[in-house]
Amino acid sequence: MGKLKGVSRFNIASLALGFAFLYLPILILVIYSFNASRLVTVWGGWSLRWYHEFFNDDAMIGAAWMSLRVAATSATIATLLGALAAVALSRGESFRGRTLFSGMLYAPLVMPEVITGLSLLLLFVGLNAGRGFWTVTIAHTTLTMCFVAVVVQSRLTSIDRSLEEAAMDLGCDPARAFLLVTLPLILPAIVAGWMLAFTLSLDDLVIASFTTGPGSETLPIRIYSEVRLGVKPEINAICTLVVAGIAAVIVIASLASKLSSRQGESAAPL
C-alpha cells in the first residue's frame, strides 16, 4: 500500500519537494516578468511591458551581447583545450608530470572563485594587459576548461579501446583512427562539455568582475549593479529570457548528442 509501481510515497514526496525548491522560484520569476505593475511584489495583470523596456535598454542589450560573445568564445576554446587534456590524461597513463598536470588542470574545480579572479587580475596587471573582452574570455576559459576535461575523460575511460586498435589493424594510423572511431564516440561528451562551459561562463559574476574593464560589462555584472538599487520588473524579463536561452541550448545540445551517439553506434561495428 505504501508503494506505487515500485516507488514509495515518501520518495515521490521528497522528489516533488526537491523540484519545487529548485524550480518554483524560477517559475514565479517567469510569471512576474509578465506583470504590468511597476511593483515587483504586486500583481497588476498580464503585460509585455518589461520585455519592451528591456529591448529598448541599450546598456542592458550591450551587456547581454557581451555575455553571449564571451560565453561562446570561452566555451569553444575551453572545449578544445579540455578535450585535448582529457585525451592526454586518459591515454598517457605514465608520462612524466602527469600528477602535476592533472592537479593544475583540476585546481579551478576546488579553488574559490575570488582567489581565481584575484590571481588573474594580478596576472593581467603584471602583463600590463588592458582589461576587456579577451581578459574575461581567458578567465572564463581557465574556469571552465577543467569541467570539460572531467566530462570528456569520464567518457574516454568507458570506451573500449579495442575499437580503435581494430581500426589501426585495418590500416589507419593513430590519428586517423582517433578521428574516425574515437571522436564520434566521445562527441556527445564534447557537446555536453561545451554546453556546461557556456552555461558557467554566462552565469559567472565574481571572476568577470575582477577581469572586466570599461566597455566590457557582462550581463551578470549589469544585473547585479541594477539590483543593488532595487529590483526592477525589467530584471524579471531579462532573467526569463536567459532561462529560455539556456533551455534552448540544452535542448539543441541534447538533440545533437543523441544524433552523434546514434551515428557513433552505427559506425562502431565497422
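On a predicted model such as this, the values are computed, not experimentally measured, just so you know.

Caption draft 1: Quick peek at the overall build of the protein. Regarding its fold elements, the protein presents eleven helices and two strands. Listing every helix and strand of the protein by position from the N terminus yields β-β-α-α-α-α-α-α-α-α-α-α-α. Principal axes of the C-alpha set define a box for the protein whose edges measure 70 × 70 × 30 Å. Taken over 270 residues, the protein has a buried fraction of 35%. Counting contacts in the protein only where the partners sit at least 6 residues apart, residues at least 24 apart contribute 69% of the total. Positive and negative side-chain charges in the protein, numbering 18 and 16 respectively, have mean positions lying 7 Å apart.

Caption draft 2: Seen up close, the side chain of T182. By secondary structure assignment, the location of T182 is in helix α8 (residues 174-203). The exposure class of T182 is buried, given its relative accessible area of 1%. Look past the residues within four positions of T182 in its chain and what remains in contact with it is R91, L156, I159, E164 and A177.

Caption draft 3: The arrangement of helix α5 (residues 113-126) in detail. For α5, which comprises 14 residues, the first-to-last C-alpha distance of 20 Å matches the rise-based estimate of 20 Å (1.5 Å per residue) to within 8%. Residues T116, G117, L120, L121 and F124 constitute the buried set of α5. Angularly, the buried residues of α5 cover 135 degrees about the axis, an arc narrow enough to put them on a single face. Looking at α5, the residues exposed on the side facing more than 90 degrees away from the buried face are L122, V125 and G126.

Caption draft 4: Quick peek at the packing of helix α3 (residues 58-91) against helix α6 (residues 133-157). Axis separation between α3 and α6 bottoms out at 5 Å; the angle between their running directions is 40 degrees. Considering their axes alone, α3 and α6 lie oblique with respect to each other. Between α3 and α6 the crossing geometry is right-handed. Of the residues belonging to the contact of α3 with α6, the class tally is 17 nonpolar, ten polar and two charged.

Caption draft 5: Structural detail: the pattern of salt bridges. Evaluated as defined, the whole model comprises two salt bridges. Two residues, E217 and R222, come together in a salt bridge whose shortest N-O distance is 3.7 Å. Take E217: its relative accessible area is 28%, and that puts it in the partly exposed class. Two residues, R222 and E226, come together in a salt bridge whose shortest N-O distance is 3.2 Å. In this pair, R222 and E226 both sit in helix α10 (residues 219-227), four residues apart, roughly one turn of the helix. A network of salt bridges, in which partner residues are shared, links E217, R222 and E226.

Caption draft 6: Focus on the packing of α6 against α8. Their axes nearest at 8 Å, the elements α6 and α8 cross at an angle of 150 degrees. Classed by the angle they form, the pair α6 and α8 counts as roughly antiparallel. As α6 runs across α8, the sense of the crossing is right-handed. Residues H140, T144, F147, V148, V151, V152, R155 and L156 of α6 pack against T182, L185, I186, A189, I190, A192, G193, L196, A197, L200 and S201 of α8. For the contact of α6 with α8, a count of residues per class yields 13 nonpolar, five polar and one charged.

Caption draft 7: Geometry of the packing of aromatic side chains. Summed over the entire model, instances satisfying the criterion amount to eight aromatic pairs. Look at F34 and W46: their rings are 6.3 Å apart centre to centre, the planes differ by 50 degrees, and that puts the pair in the tilted class. Within this pair, whereas F34 is found in the loop between α1 (9-32) and α2 (49-55), its partner W46 is found in the loop between α1 and α2, the two being separated by twelve residues in sequence. F34 sits in the partly exposed class, given a relative accessible area of 24%. Look at W46 and you get exposed, because its relative accessible area is 64%.

About the criteria used
- Residues numbered from 1 in each chain as written.
- Predicted model: local features only at pLDDT ≥ 70, side-chain atom pairs only at ≥ 80, totals over all residues.
- Heavy atoms only, no water.
- Helix = DSSP H or I, 4+ residues; strand = E, 2+ residues; numbered from the N terminus.
- Buried < 20%, exposed > 50% of the residue type's maximum accessible area, 1.4 Å probe, protein only.
- Contact = heavy atoms within 4.5 Å.
- Lys, Arg positive; Asp, Glu negative; His and termini not counted.
- Charge placed at Lys NZ, Arg CZ, Asp CG, Glu CD.
- Expected span 1.5 Å × (residues − 1).
- Arc of directions from axis to C-beta.
- Axes fitted to C-alpha atoms, helices over the stretch in contact; angles between N-to-C directions.
- Parallel < 35°, antiparallel > 145°, perpendicular 65-115°, else oblique.
- Left-handed = near helix turned anticlockwise from the far one by under 90°.
- Nonpolar A, V, L, I, M, F, W, Y, C, P; charged D, E, K, R; others polar.
- Salt bridge = Lys/Arg side-chain N within 4 Å of Asp/Glu carboxyl O.
- Phe/Tyr/Trp six-rings, centres within 6.5 Å; stacked < 30°, edge-to-face > 60°.

These figures come from the coordinates and say nothing about function on their own.
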